[in-house]
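# Overview (structure and organization)
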Amino acid sequence: MSLLRPSADRALDDGRNRLTLDDDLFLRAHRVLGIPVVNQTVWRFDRPVDRTQVDRLHGNLARGPLARSIRRTWVPGARDTWVPSSVTAPVSVRADALAPHEVLGWAEERASVTLDPASGPTWNLSVAATTDGGSVLSYLTPHVVCDGGAHVGALVAAVAHD
């Protein structure tokens, strides 16, 4: 005999929208220790990137699997849940061009952008021109929002959306 009575609410909440155990640990490290773990992909192009294409990529990312944030649970010890979110940061565009030797420093700077898994934004896209006629693009996500595979998967889905 079950002590739990089935309900429509329980049937809809099958646990797939709860943070996994490892994501819960990443969130606690972020909140308690102030140590966010991030995934970053940086591309270096030998020509300027088309800003229209960057904006399109940004829009597709905003409508994809990254469009979520964390809702805190009110039950102590229970894992938080994922909810849809429309909070995004605009594309970050550096005003002045980077010298080639400054690209790594710029990438490190972009890796420290503040991302908030609970209130957003939960990801960041940045672009900068380089003095040698090229450009660089940075795509950043916190590990709690997506692991490396999901980081790449969200990007692939955004590119394939066109």
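Definitions and cut-offs
- Residues numbered from 1 in each chain as written.
- Predicted model: local features only at pLDDT ≥ 70, side-chain atom pairs only at ≥ 80, totals over all residues.
- Heavy atoms only, no water.
- Salt bridge = Lys/Arg side-chain N within 4 Å of Asp/Glu carboxyl O.
- Helix = DSSP H or I, 4+ residues; strand = E, 2+ residues; numbered from the N terminus.
- Buried < 20%, exposed > 50% of the residue type's maximum accessible area, 1.4 Å probe, protein only.
- Core = buried A, V, L, I, M, F, W, Y, C linked by side-chain atoms within 4.5 Å.
- Contact = heavy atoms within 4.5 Å.

### Concerning the pattern of salt bridges
In total, this model carries 7 salt bridges according to the counting rule given. A salt bridge links Arg-31 to Asp-80; its shortest N-O distance comes to 3.5 Å. A residue pair is termed long-range when its members are at least 10 positions apart, and Arg-31 in helix H2 (residues 21–33) and Asp-80 in the loop between strand S2 (68–71) and strand S3 (81–84) qualify at 49 residues. Residue Asp-80 is classed as buried on the basis of its relative accessible area of 3%.

### Structural notes on the nonpolar core
Core analysis: the biggest nonpolar cluster contains 20 residues, and Leu-57, Leu-61, Leu-66, Leu-125 and Tyr-139 have the highest contact counts within it. Contributing elements (two or more residues each) for this core: helix H3 (51–62), strand S5 (124–129), strand S6 (135–142) and helix H5 (148–160). Beyond its immediate chain neighbours, meaning those up to four positions away, Leu-61 contacts Leu-66, Trp-123, Leu-125, Tyr-139, Ala-154, Leu-155 and Ala-158. Core analysis: the next-biggest nonpolar cluster, separate from the first, contains 6 residues, Leu-98, Trp-106, Ala-107 and Val-136 among them.

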